[in-house]
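Architecture at a glance
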Amino acid sequence: MSREPRIRRLVGELALEKKVRLTHGANDPEGRATGYVAGVDRLGIPPLRMADGPLGVRIPNESATAFPAPMALAATFDADLASEHGEALGRETRGKGQDVLLAPGANLVRVPHNGRNFEYFAEDPVLSASLAGAVVAGIQSQDVVATPKHYVANSQETARAAVDAEIDERALRELYLPSFRSAVEAGAGSIMTAYNDVNGTRMSDHERLLRDVLKGEWGFEGYVVSDWFGTEGAAAAANGGLDLEMPGITMAEMQSAMAGDDADAADGNGDEAGELPDAIADGMPDHESCERFADSLAEAVESGAVSEDRLDDMVARVLREMDRVGLLEGGDDRADGAVDTPAHRELATRVATRGTVLLENDRVLPFSDDADVAVIGPNVDEPVLGGGGSSETTPVVETDPQAGLAERADGEVTVAHGLPRIEGVSMLEEFTGGEDDRAEPSREPDLEGAAAAAREADVAVVFVRDTASEAVDREDLRLPGRQNELVETIAAENDRTVVVVNSSGPIECPWHEEVAAVLENWYPGQAHGDAVASILYGDADPGGRLPVTFAPEDAYPTADERRYPGVDGTARYDEGVFVGYRHFDSAEREPTYPFGHGRSYADYEYVDADPDLEDGTVRVTVENTADRDGREVVQVYVRPPTVDGVDRPVRELAGFESVAIPAGERVSVTVDLEALAFARYGEDGEGWTVDPGEYALEVGRSSRDIRATLRTDLEAGFRERVRQSLATGGPPPTDG
Ligand code: BGC
């Protein structure tokens, strides 16, 4: 039977209580899934199992491949690699016997302090949308439902469940919605709502953004799931367009499930929830205030507060996705999945390598094989697997920086910590009262020992890191502890000092002019040591470019507390579309490192650029003029014409292409141009508009390193096609 009749028949056979059962979470009897929907045996509807998250599959007390953080993936500017990454995540999800992956993180990076930036892609909507779509398609190719999150404007963790994001329609349309729209166009089966309000309405109740925009305009046919404990009133959520409430169990049950207690223990209804530590309490939803679907949806339907049609639609949406991944057919034909395969290990290394950004290089990198290297830093003997929170993944294998370098080097390698270990944040440990098994006895600072190691060596490489976690933002953009002092001490001893930064997003680098080279290596995951060694020794060219602008923290628009973290419970997004490089360009401020920036060990000449607007592409010819192979990321930005009364960004990323170019060779790449970069969203009912006038297409190496400018008056036909591609609504809403 084809899908829709089968779904309708099943919905028709379900009694009210069984329908409600398919709209909320329950305890997983195996104690493994983070989200679990109980099935209905009699009708052959199996349970639906969900696991986090964007960095790898997290099942309590189990391991899986710990992939690099999404921001590292974004730094590759490579949608094909993102789809391969998604496919591997999907395969691991199936390998763990789960059906849904609570990923990717698709929020735009607005606040540099956001504790979850590492789980997201970029400050630019075209880059973020391209990667979100690719990851979704990859995950879902493995018979797994992807769940892009958190829809929408979950830009901060400070008071994330209470804050009202006040955003105008233009910024929503141009910046915050495109990644979700792209995920829907890629077929996403599910969307997770954010905890926050948008313009005064809780996102899990947001009729306009859920029913009108997501399901109506975009034609989304999957289910909308709440973030965990994120709902308030059951009827308001159901009527607003939420289809599935999570987790449907108590916080106490959730905590014991996260700790990996067995199902019986996790079934202890009425257990007191353990106290949450102050550090994360502010960022947690009020789990006692949610009205659960299990308790009140049936009554709401009986009283007419929620229509039976709406309930049927909620159930149909969940069943449709179960069917799409083969669950309603006995699951026999589904992809089997696999965890921690050699191919996944290799991919984790490749993404970590390709995402590494060479911010500066004063001819010190790559190292010669026989260089004597001092490896310095408080955490050189542990890989940076990720930040704290629901994305924490435990790998089967891992390499740390010290081991990675020791393995690769022919010269002598000396190690000095210099400082006490910087403690990463594990929200899961905080949450479950567990212990950090990496914790060691506290070490005394020894800057002098580190300086001595640096003095003796040909080159010194200092590893520094930030700490970030879900439910809390970073207090500032400085490196924690005395790490800046450590870098300055080493730089004063050895003028061939290289700094490797492992961070969740932008950091301040006050020493950047005092050192010989700086690499941004993000949260690289299990392959940390191997990946960074292959870049330091030049086995691979640093192919990463910045998906976020690096600047001192007071230079970002969110330095104004009305904007972030907000005043009186409201964060005003009144910088509008001037986020990230859009802000720095229009304010004419020089960032430390601009969006799109990243050096290569090779050199490139941009030989030719030829637009084909019929096709919506620019063909760019680039020559690698160096005697070593390299990888270039060709970027195309659009500079729109000036329109009276409208503030437009100076330039917007329209397309990009990452390409390997062998030594001395020329390649031609075709860069697809995205409609979003040409259009603006006019308020007052104007909608998507493509202004007439002269546009410049800027082709270059970064948003501040333009190598060719092509000027063109867009012909009316092209402008209309662009407008229509953005304006086209999907089918009318299917819900009641
Ligand atoms: C996070 C989600 C996550 C969910 C389940 C929430 O606290 O915000 O991203 O998927 O927990 O772990």
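Structure's up top.
Residues numbered from 1 in each chain as written. Predicted model: local features only at pLDDT ≥ 70, side-chain atom pairs only at ≥ 80, totals over all residues. Heavy atoms only, no water.

**Quick look at the side chain of Ser155**
To be explicit about the condition: The way it works is that DSSP assigns letters per residue, a run of H or I at least four long becomes a helix, a run of E at least two long becomes a strand, and they are numbered from the N terminus. Partly exposed residues are those whose accessible area sits between 20% and 50% of the maximum for their type, while under 20% is buried and over 50% is exposed, using a 1.4 Å probe and protein chains only. Contacts were defined at the residue level, with two residues in contact if any of their heavy atoms lie within 4.5 Å.
Along the polypeptide, Ser155 turns up in the loop between strand S4 (145-146) and strand S5 (164-166). Since its relative accessible area comes to 2%, Ser155 is described here as buried. Apart from residues no more than four positions distant in its own chain, Ser155 is found in contact with Arg110, Val111, Asn114, Tyr176 and Tyr573.

**Looking at the nonpolar core**
Basically, it comes down to this: We call a set of buried residues a nonpolar core when its members are Ala, Val, Leu, Ile, Met, Phe, Trp, Tyr or Cys and they connect through side-chain atoms within 4.5 Å of each other.
Counting 158 residues, the largest nonpolar core has Tyr151 and Leu319 as the members making the most contacts within it. Ignoring sequence-local partners within four residues, the contact set of Tyr151 consists of Leu177, Phe180, Ile191, Met192, Thr193, Ala194, Met203, Leu209, Leu210, Val213, Leu214 and Trp218. One finds Ile376, Leu479, Ala491 and Cys509 within the second-largest nonpolar core, a separate group that totals 36 residues.

**Notes on the pairing of strand S14 (residues 497-502)**
Selection criterion: Only when DSSP finds a minimum of two bridges between them are two strands counted as paired. Orienting the strands away from the viewer, one traces the path from the first strand over the helix to the second; a clockwise path indicates a right-handed crossover.
Counting buried residues in S14 gives 6 out of 6 residues, a clear majority hidden from the surface. As judged from the 6 bridges shared by strand S13 (residues 459-465) and S14, these two strands associate in the parallel manner. Bridge pairing in S14 links Val461 to Val498. Between S13 and its parallel partner S14, the chain crosses via helix H19 (residues 483-493), and the hand of that crossover is right-handed. As paired strands, S14 and strand S15 (residues 517-520) are joined by 4 bridges and run parallel to one another. Considered in S15, the bridge of Val501 is made with Glu520.

**So, helix H7 (residues 178-185)**
Buried residues dominate H7, accounting for 7 of its 8 residues. Restricting attention to buried positions, one finds in H7 the residues Pro178, Ser179, Phe180, Arg181, Ser182, Ala183 and Val184. On its buried face, H7 sits against helix H5 (125-140), helix H6 (169-176), strand S6 (190-192), helix H8 (207-217) and helix H22 (716-727). At the C-terminal side of H7, Gly187 shows a positive phi close to 100°.

**Brief notes about helix H1 (residues 3-13)**
Counted only if it meets this: Within this analysis, the arc is defined by the directions that extend from the helix axis to the C-beta atoms.
Residues of H1 that are buried include every one of Arg6, Ile7, Leu10 and Val11, and no others. Projected onto a plane normal to the axis of H1, the buried residues spread over an arc of 130° and lie on a single side. Exposed residues on H1 whose side chains face more than 90 degrees from its buried face are Arg8 and Gly12. Those residues of H1 hidden inside the fold are in contact with helix H2 (16-21) and helix H14 (308-324).

**Looking at the pattern of salt bridges**
Pairing between side chains of opposite charge can happen when their charged atoms approach one another. Selection rule: The salt bridge definition used is simple: a Lys or Arg side-chain nitrogen within 4 Å of an Asp or Glu carboxyl oxygen.
One pass over the full model with this rule turns up 67 salt bridges. Between Glu84 and Arg350 there is a salt bridge; the shortest N-O distance is 2.6 Å. Of the two residues, Glu84 sits in helix H4 (residues 79-95) while Arg350 sits in helix H15 (residues 342-354), which places them 266 residues apart along the sequence. Residue class for Arg350 comes out partly exposed when judged on its relative accessible area of 25%. Its salt-bridge partner being Glu169, residue Arg173 comes within 2.8 Å of it at the nearest N-O pair.

**A few points about the packing of H6 against H8**
The line we're drawing: Orientation is described by axes fitted as lines to C-alpha atoms, over the contacting stretch for helices, and by angles from 0 to 180 degrees between their N-to-C directions. Roughly parallel here means an angle under 35 degrees, roughly antiparallel means over 145, roughly perpendicular means 65 to 115, and every remaining angle is called oblique. With the far helix as reference, a near helix turned anticlockwise by less than a right angle produces a left-handed crossing, and one turned clockwise produces a right-handed crossing. All residues other than Ala, Val, Leu, Ile, Met, Phe, Trp, Tyr, Cys, Pro, Asp, Glu, Lys and Arg, Gly among them, are scored as polar; the first ten of these are nonpolar and the last four charged.
Contact geometry of H6 with H8 gives a least axis separation of 15 Å together with a crossing angle of 50°. Accordingly, the angle class assigned to the pair H6 and H8 is oblique. Crossing of H6 against H8: the hand is right-handed. For the pair H6 and H8, contact is made by Glu169, Leu172 and Arg173 and by Arg208, Leu209, Val213 and Glu217, respectively. Of the residues in the contact of H6 with H8, the class split is 3 nonpolar, no polar and 4 charged.

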